[in-house]
Structures are given as C-alpha cells and as structure tokens.
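As a plain string of letters, each chain reads:
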Amino acid sequence: MTQIIKQYEEIPATCISDALQGLTNMDVSIKPLKEDYKIVGRAFTVKVPVGDNLLVLKAMKEAKAGDVLVIDINGDTTRAVAGDFVLGMAQTLGITGVVTNGVIRDIKGSKALNFPVFCQGTTLAAGGKGGFGDMNIPISLGGTTVNPGDIIVGDADGVIVVPQHIEEETLKKSLEKLQRDENREQAISGNIEAIHKYIDDMLSK
C-alpha cells in the first residue's frame, strides 16, 4: 500500500468532500452494506451491460491487491453484480472492496465477510454470463466520472472520487480541513459561551 493511500485512510470522507467542494461525490443511493465499512484504494474500473456480470470475474484476476473494483452497470437493480461467493473470492485476492451503481445478493453471507461493499441495495436475481463490457476505461458512476487509478474513499457518509491528477493537492486540503474541524471541536465543545460566539460569528457573515 502506498503512503498516500495510508494517509487518505485516516481522513473522513466528509473532509475530502469539502476539499473537493462536493464536486466528485457519488449519489447518495450508493451506500455501504454496513455502516462501519471504510474503503480506500485506487479504482479498477469495470463497465458491464445491464444484467451481465461475467466481466467482473475477469476484472478480479487483473486488478492488483489494494485496488477497489468500481463497477458501472448503468444503475440496474434487477440482477446482482455479485453475491457472497464472488465477493469472498475478491476479498481473498486482496481487492480492497467494491463500489457499484448496481446491487448484490446473498446479503447475510456478504455482510459476514466484512468486505467493504458500497451499492444501491440487494436483489434475489443472479446476473447473466454473457461476458460483454470493458475494463480500465473512464466510467460514470453515481453522477461522477471515475478514471482508472483515481482514489476511491468511502465510509458511512458515502463515496467520493479523488481524481488522480489532483490527489496530492486534495490530500493537503483535506488534512487542513480535518485539523480545522478538530480545533473547532476542542475550542467549542461543552462551552456555552463559545457556542454562542461561534453562532453569532457565523450569522454575521
């Protein structure tokens, strides 16, 4: 794992979103299966047609350990992108997690893996095995563009994309925002007078 990925692991997604002015947030419909999931890694992008998921298996073979599979299935919620068996294989191969605008199945087994999955929900139906689609191309997912190698950060608040060409700049801004938040909390928490002053200062702007 690279140093920059380790640094992003320590930052809440909200701070990164603020650093990017919310411009690369994924839609709120893409949620973690479990609230305590945290995902940070580089995007390995996969685009598959509605109802088909065979290419996901190929992507699992080609992705590097530490990558996040980002799967665009055009928002389809009728057939699963994966179930607990496929997710378990991805986990064993060292993939960090899955983000998709589709759905998964085998919900209890999938949660038992403690493998971070961010998706639109669950379904009963399995995906087809036509094998169509493409990998490692720019995709659109959750209302934002994801390029191969972009940093994906997700937690209980949602998922955000950090474009690769501004990842260092965004890291600096995110750490500065986190420090400001911590300083504000320490200065105001439990202090009624400080709370009133903060509110007055905000209202006077």
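The sections below set out a description of the structure shown in this document. Treat the numbers as computed from the prediction; the structure is a model and nothing was measured.

Comments concerning the overall build of the protein
- Counting its secondary structure elements, the protein contains seven helices and 12 strands.
- In terms of overall dimensions, the protein has C-alpha extents of about 65 × 35 × 30 Å along its principal axes.
- Taking all 205 residues of the protein together, 46% fall into the buried category.
- Pairs at least 24 apart in sequence give 74% of the contacts found in the protein among residues at least 6 apart.
- Accessible surface for the protein amounts to roughly 10600 Å². Of this, 53% is attributable to carbon and sulfur atoms.
- Charged side chains in the protein number 21 positive and 27 negative. The centres of these two groups are separated by 4 Å.

Concerning the packing of helix 6 (residues 167-188) against helix 7 (residues 192-203)
- Running from N to C, helix 6 and helix 7 cross one another at 130 degrees; their axes reach a closest spacing of 8 Å. Our classification of the angle between helix 6 and helix 7 gives oblique. Along its contact with helix 6, which presents R184, A187 and I188, the element helix 7 presents A194, I195 and Y198.
- Here the residues of the contact of helix 6 with helix 7 sort into five nonpolar, no polar and one charged.

Focus on the side chain of D72
- Its location among the elements puts D72 in strand 3 (residues 68-72).
- Exposure remark for D72: the relative accessible area of 4% places this residue in the buried category.
- Looking at D72, its side chain comes within polar contact range of the side chain of K47, at 2.9 Å.
- Reaching out from D72, the side chain makes a polar contact with the side chain of N101 at a distance of 2.9 Å.

Notes on the nonpolar core
- Within the largest apolar cluster, 39 residues are counted, with the highest numbers of intra-cluster contacts made by M26, V46, L69, V70, V99, V146 and I152.
- Look past the residues within four positions of I152 in its chain and what remains in contact with it is I39, V40, G41, A43, V68, V70, V99, V146, V159, I160 and V161.
- Counting 15 residues, the second-largest nonpolar core is a separate cluster that includes C15, V153, V162 and L178.

Overview of helix 4 (residues 84-92)
- Listed in full, the buried residues belonging to helix 4 are V86, L87, G88 and A90.
- Those residues of helix 4 that are buried are in contact with helix 3 (54-62), strand 4 (80-82), strand 5 (97-100), strand 6 (103-104), helix 5 (107-112) and strand 7 (117-119).
- G94 occupies a position one or two residues after helix 4 and carries a positive phi of about 95 degrees.

Overview of helix 7
- Compared with the 16 Å implied by 1.5 Å per residue over 12 residues, the 17 Å span of helix 7 between its first and last C-alpha is a close match.
- Of the residues that open helix 7, the one with a side-chain oxygen 3.1 Å from the backbone nitrogen of E193 is N191.

What about the pattern of salt bridges?
- Enumeration over the complete set of coordinates arrives at eight salt bridges.
- The residue K47 makes a salt bridge to D72 at a minimum N-O spacing of 2.9 Å. Residue K47 is found in strand 2 (residues 39-47), and its partner D72 is found in strand 3; the two are separated by 25 residues along the sequence.
- Of the residues examined, K47 reaches a relative accessible area of 34% and is grouped as partly exposed.
- Across the salt bridge formed by D201 and K197, the nearest N and O atoms sit 2.9 Å from each other. Of this pair, D201 and K197 both sit in helix 7, four residues apart, which is roughly one turn of that helix.
- We classify D201 as partly exposed; its relative accessible area is 35%.
- One salt-bridge network, held together by shared partners, links D18, K177, D181 and R184.

Parameters and conventions
- Residue positions are counted from 1 within each chain, in the order its sequence is given.
- Given that this is a predicted model, residues contribute local features only at a pLDDT of at least 70 and side-chain atom pairs are listed and counted only at 80 or more, while totals for whole chains, interfaces and linings are drawn from all residues.
- Side-chain measures here rest on the full set of heavy atoms in the structure, leaving out hydrogens and waters.
- A helix here means a DSSP run of H or I that spans at least four residues, while a strand means a run of E at least two residues long, and both kinds are numbered starting from the N terminus.
- The rule is simple: take the accessible area with a 1.4 Å probe, protein chains only, and divide by the maximum for that residue type; under 20% is buried, over 50% is exposed, in between is partly exposed.
- Contact criterion: two residues are considered in contact whenever any of their non-hydrogen atoms come within 4.5 Å of each other.
- Only the protein chains shown count as cover for residues, and all accessible areas are computed by the Shrake-Rupley method using a 1.4 Å probe.
- Positive charge is attributed to Lys and Arg, negative charge to Asp and Glu, and no charge count is given to His or to the chain ends.
- Charge positions are represented by NZ for Lys, CZ for Arg, CG for Asp and CD for Glu.
- The angle between two axes is taken between their N-to-C directions and runs from 0 to 180 degrees, where each axis is a line fitted to C-alpha atoms and a helix contributes only its stretch in contact.
- Here is the rule for angles: anything less than 35 degrees is roughly parallel, anything more than 145 is roughly antiparallel, 65 through 115 is roughly perpendicular, and the remaining ranges are oblique.
- Each residue gets one of three labels, nonpolar for Ala, Val, Leu, Ile, Met, Phe, Trp, Tyr, Cys and Pro, charged for Asp, Glu, Lys and Arg, and polar for the others, Gly among them.
- Residues adjacent in sequence count toward polar contacts only when both atoms are side-chain atoms; beyond that, a polar contact is any pair of N or O atoms within 3.5 Å, and within protein one must be able to donate a hydrogen and the other to accept it.
- Each nonpolar core is a collection of buried residues, namely Ala, Val, Leu, Ile, Met, Phe, Trp, Tyr and Cys, held together in the definition by side-chain atoms within 4.5 Å.
- How far a helix is expected to stretch is found by multiplying one less than its residue total by 1.5 Å.
- The working definition used for a salt bridge is a side-chain nitrogen of Lys or Arg within 4 Å of a carboxyl oxygen of Asp or Glu.

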